[in-house]
Amino acid sequence: MRPRTKRAVAIVAGVAALGVAVALVLNAFNSNLVFFFTPTEVADHKAPSGRPFRIGGLVEAGSVVRDKDALTVRFRVTDTARTIPVVYTGILPDLFREGKGVVAQGRIESDGTFHASEVLAKHDENYMPPEAAEALKRAGHPIDKSAFAGQKGKS
Amino acid sequence: MIPELGHFALIVALALALAQVAIAFTGARTGNSALLATVRPAAIGQFVFVAGAFAALAYCFVTSDFSVLNVTQHSNSKLPVNYRFAATWGSHEGSILLWALMLATWTFLVAAVSRSLPERFVARVLGVMGLVSVGFLLFILITSNPFERLLPAAAEGEDLNPLLQDPGMVIHPPMLYMGYVGFSVAFAFSIAALLEGRLDAAWARWSRPWTLAAWCFLTVGICLGSAWAYYTLGWGGWWFWDPVENASFMPWLVGTALIHSLAVTEKRGTFRSWTVLLAIMAFSLSLVGTFLVRSGVLTSVHAFATDPRRGIFILLFLVLVVGGSLTLFAWRAPRVGLGSGFGAVSRESMLLANNVLLAVAMSAVLLGTLYPLFLDALGMGKISVGSPYFDAVFVPLMAPAIFLMAVGPVASWKRAALPELWVRLRWALGVSVVAALAVPFMRGKVTPMIVFGIWLGFWVITATCAQVIQRLHGSPQPTLGGKIAAQSRSWYGMVLAHLGIAIFILGVTLVKGYETERDLRMSPGDRVTLAGFDFAFKGTKQLPGPNYSVVQGEFEVSRGGKPERVLYPEKRTYPVSGQTMTWAAIDTGVTRDIYVSLGEPVGDGAWGVRVYHKPFVDWIWAGCFVMALGGLFALSDRRYRLRKQVTEAATPAAASASA
């Protein structure tokens, strides 16, 4: 091969490899996006039924019920307008409390209950999980101060 | 008084940084030797004042001066003294000050160590670093003054976030920042070289030790953060693809590409433009990371800031630095030249492929980290990108890179022959395939991913061993000791770092493939068996702690009826903030960790309990430390230290003096 043809082949091969890599990345990206819905949207059947999504809001006070002999816990998530029943089996994060913000990932089953595969706690006590704050805002109840457990002086 | 002195020291430091920039660039342009001689003192003075400001803030924290707002919000007089000190960087303001201190430290080191480099070049390097420093000092003084007073003073502080009350907090942020900010040196060297229009082997050789040092710090910093998450969050994971983790991982990926690209530029003169681009990218990603973590756009364990002014400032700064340096690059890089060519199969081509793979992997992480933020900022809804995405992308991108990593050092520069590579590596390939099949069969579970991961790990080890044997064999020295001593430290460093990657891969594969975990409800007296270990829950008791109260569980672990260990996981409650923290009990071993953590009380004295058996998990961090050790070895190579004598010998005066 002449040097010029050789260089062209190398460039084409490089671009093809890069194209494959980009396609792979975008495909993986697309199939792993998790969308967020508020309890009101879920109650209005706007959330997908076959695909996992996230729900956020407050853990309704007095709604947490534990199973007698397993680690299954049931509670309701509210955006102060509508509530969605949630069931979760496993250990809840340290920041999970009644009346506080929560975000759960899972899917809605035919019984209308949200089966959570994960209850998230990637926020510290000073802050509301952003999704939970969003849910309250959309429901017309922008963040209630008491939802910020241990809210610090400066605001 | 002390806080005001600290604030004043920051203002002086800013003035000195401005002076440093002005003097450096004027001196470099005019060649005025009086000006050039003033750049170093200005840089050292800037360091002294930033260090003074930092010491003042640390003093306020250690002495619990609650008339300082920052101290009141992030410390408490009951906090043990080491955490009061570490709380200095536990807040947004404090961590930005730590950033500035690290930058000043690197500037100081460049000023102190680089006496042998051409004066004008050093002046430009210090000028660029001074510009970055001006940006950060302005940021502190305008938006994040750590010395703001609180009048009247508070009686007691609000406490440091319990998650941060950990030995990891004392060491992880300084290491990580030292790494992040260390890339500013490689960046400054590149910008200075672009300004001078000389990107040659000498420039690459000057940049290499600095880049390696930053890379070592970053590697250790990320590793410590991962280990910290493993034992404090109580989830037993070691990497979550959390945006904050990604923010530190992206500069690491590009930094890894950069140290390899610099090696090629030094040895062969090729890849020059690409090397400069990587240096710009590595530092820009450090700034992106700072923006992500510090601007409050993310809300996670690490993000304490909520003030939008800060985000806008960092974003503007980012645009200036990235935009300015890329413009300079576009303007100057075409003049730099491409260097010599190389064949399709050669060490250069493999290093280039690896560089591109690392860059693509970094882009994939960047996409997954930033895309949700863009959508959110545009009001198009909230989404999240979970770890399945990153896992799905990372394995196929990194697998070829790691395969080539083992082949590259064996291949010759310029042009390598495939048949020769086959002869050199066929034993390595055979041994690694056998090991990849034998290990999973011995452990009793075989999946394609496990076999592949173990093969990849062993492939790196065996190919590296083959390379070591062939290299020593080819050495002209008569004795084995002589052969070993004849090799350069930078070569040993590479061997070590590559072995570190292999240890890391084996750790990840074995823990992902063979870990077992159970979440269950246990009452006192209950037992559970996991991976041959028998766990008996004895009950819990209340204990006092230094600044928290503890509920401590007791688990007797036995194996085959023989008692092995008693584990005491804790649930800690911090009365000041009202937070609870899970403290896992871990029995660490070379081949496995046993991990018990308490969930929450579920009634009638029963607890939610999480029990893990994690084989070879510690190899993950051991591998990272071996990598960093390899970096240190390479850093101590003689040719970086000999530089000075060589340069002196080149000047007539020194040559006659030594004659």
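### Concerning the overall build of chain A
Part 1: A tally of regular secondary structure across chain A gives three helices and seven strands.
Part 2: Counting helices and strands in the order they occur from the N terminus, chain A gives α-β-α-β-β-β-β-β-β-α.
Part 3: Going through the 155 residues of chain A one by one, you find that 35% of them count as buried.
Part 4: Sequence-distant contacts, at least 24 apart, represent 54% of the contacts inside chain A between residues at least 6 apart.

### Some remarks on the overall build of chain B
Part 1: Scanning chain B from terminus to terminus reveals 20 helices and eleven strands.
Part 2: Here the C-alpha radius of gyration of chain B, 27 Å, is about what a compact globule of 659 residues would show, namely 26 Å.
Part 3: C-alpha extents for chain B along the principal axes are approximately 85 × 75 × 55 Å.
Part 4: The buried share of chain B, taken over its 659 residues, is 52%.
Part 5: In chain B, the share of contacts with a sequence separation of at least 24, taken over all contacts with a separation of at least 6, comes to 74%.

### What to know about the domain arrangement of chain B
Residue and element names in this part refer to chain B.
Part 1: Per the domain assignment, the segments making up chain B are domain 1 (1–165), domain 2 (199–386), domain 3 (399–514) and domain 4 (519–616).
Part 2: Its C-alpha centre places domain 1 at a distance of 24 Å from the equivalent point of domain 2.
Part 3: Opposite the eleven residues of domain 1 that make contact, domain 2 presents 13 residues.
Part 4: Within the residue set of the side of domain 1 that touches domain 2, elements represented by two or more residues are helix H5 (92–113) and helix H6 (119–143).
Part 5: Among the elements that line the side of domain 1 that touches domain 2, the one with the most residues is H6, at four residues.
Part 6: Of the residues in the side of domain 1 that touches domain 2, the class split is six nonpolar, five polar and no charged.

### Remarks on the pairing of strand S5 (residues 549–559) of chain B
Residues and elements named next belong to chain B.
Part 1: With eleven bridges joining them, strand S4 (residues 533–544) and S5 adopt antiparallel strand pairing. The residue bridging Gly539 from the neighbouring strand is Glu554, located in S5.
Part 2: The hairpin turn running from S4 into S5, its antiparallel successor, is four residues long.
Part 3: Inspection of the sheet shows S5 paired to strand S7 (residues 570–574) by four bridges, in the antiparallel sense. Looking across to S7, one finds that Gln552 is bridged to Glu570.

### Considering the interface of chain B and chain A
Part 1: Taken together, the contact between chain B and chain A spans 40 residues of the former and 33 residues of the latter.
Part 2: Contributing elements (two or more residues each) for the side of chain B that touches chain A: helix H12 (347–377), strand S1 (383–385), helix H13 (387–407), strand S2 (516–522), strand S8 (579–583), strand S10 (592–603) and strand S11 (606–615) of chain B.
Part 3: Of all the elements, H13 of chain B adds the most residues to the side of chain B that touches chain A, at six residues.
Part 4: Class assignment of the residues belonging to the side of chain B that touches chain A gives a composition of 17 nonpolar, 16 polar and seven charged.

### A short note on the pairing of strand S6 (residues 101–108) of chain A
All names here are of chain A.
Part 1: Across six bridges, strand S2 (residues 53–59) lies against S6 in antiparallel orientation. Residue pairing for S6: Leu58 is matched across the bridge by Gly101.
Part 2: Strand direction decides the pairing type here: S6 and strand S7 (residues 114–120), joined by six bridges, are antiparallel. Bridge pairing in S7 links Val103 to Leu120.

### Some points on the nonpolar core
Residue and element names in this part refer to chain B.
Part 1: Core analysis: the largest hydrophobic core is formed by 240 residues, its most contacted members being Ala100 and Val254.
Part 2: For this core, the element with the highest residue contribution is helix H8 (residues 201–232), accounting for 18 residues.
Part 3: Residues contacting Ala100, with those up to four places away along its chain left out, are Val50, Ser133, Phe136, Leu137 and Ile140.

### Section: the packing of H5 of chain B against helix H7 (residues 167–196) of chain B
Residues and elements named next belong to chain B.
Part 1: Interaxial distance between H5 and H7 falls to 9 Å at its minimum, and their mutual angle equals 50°. Here H7 runs oblique to H5, going by the angle between their axes. Where H5 crosses over H7, the handedness of that crossing is right-handed. Contact residues: Ser95, Leu98, Trp99, Met102, Leu103, Trp106 and Val110 in H5; Pro173, Pro174, Tyr177, Met178, Val181, Gly182, Ser184 and Val185 in H7.
Part 2: Considering only residue class, the contact of H5 with H7 consists of twelve nonpolar, three polar and no charged.

### Looking at unusual backbone geometry
Excluding glycine, a negative phi dihedral is what most residues carry, and trans is how most peptide bonds are arranged.
All names here are of chain B.
Part 1: The omega torsion across Leu151 and Pro152 is -5°, close enough to zero to call that bond cis.
Part 2: Checked against the element boundaries, Pro152 lands in the loop between H6 and H7.
Part 3: A positive phi angle is found at Asp159, which is not glycine, with a value near 85°.
Part 4: Classification of Asp159 as buried rests on a count of 28 C-beta atoms within 10 Å.

### Things to note about the packing of helix H9 (residues 243–268) of chain B against H12 of chain B
Residues and elements named next belong to chain B.
Part 1: Running from N to C, H9 and H12 point in directions that differ by 160°, and their axes come no closer than 9 Å. By the criterion of interaxial angle, the relationship of H9 to H12 is roughly antiparallel. Handedness of the crossing formed by H9 with H12: left-handed. Contacts between H9 and H12 pair Pro243, Asn246, Phe249, Met250, Leu253, Val254, Thr256, Ala257, His260, Ser261, Val264 and Arg268 from the former with Glu348, Leu351, Asn354, Asn355, Leu358, Ala359, Ala361, Met362, Val365, Leu366 and Thr369 from the latter.
Part 2: Of the residues in the contact of H9 with H12, the class split is 14 nonpolar, seven polar and two charged.

### Observations concerning the sheet that holds strand S9 (residues 585–588) of chain B
Residues and elements named next belong to chain B.
Part 1: The strand order S2-S11-S10-S9 describes an open sheet built from four strands, whose pairing is antiparallel. Every interior strand has two partners, whereas the edge strands, S2 and S9, have only one. Strand-to-strand twist of the sheet, defined as the mean angle between neighbouring strand axes without regard to direction, takes the value 15°.
Part 2: The pairing of S2 with S11 spans seven bridges and is antiparallel. In the sheet register, Arg518 faces S11, and the bridge partner there is Val611.

Quick notes on the rules
Residues numbered from 1 in each chain as written. Chains lettered and ligands numbered in written order. Predicted model: local features only at pLDDT ≥ 70, side-chain atom pairs only at ≥ 80, totals over all residues. Helix = DSSP H or I, 4+ residues; strand = E, 2+ residues; numbered from the N terminus. Buried ≥ 20, exposed ≤ 12 C-beta atoms within 10 Å, placed from the backbone. Contact = placed C-beta atoms within 7 Å. Rg over C-alpha atoms; globule rule 2.2 N^0.38 Å. Domains from an automatic or database assignment. Nonpolar A, V, L, I, M, F, W, Y, C, P; charged D, E, K, R; others polar. Pairing = 2+ DSSP bridges. Core = buried A, V, L, I, M, F, W, Y, C linked by C-beta atoms within 7 Å. Axes fitted to C-alpha atoms, helices over the stretch in contact; angles between N-to-C directions. Parallel < 35°, antiparallel > 145°, perpendicular 65-115°, else oblique. Left-handed = near helix turned anticlockwise from the far one by under 90°.

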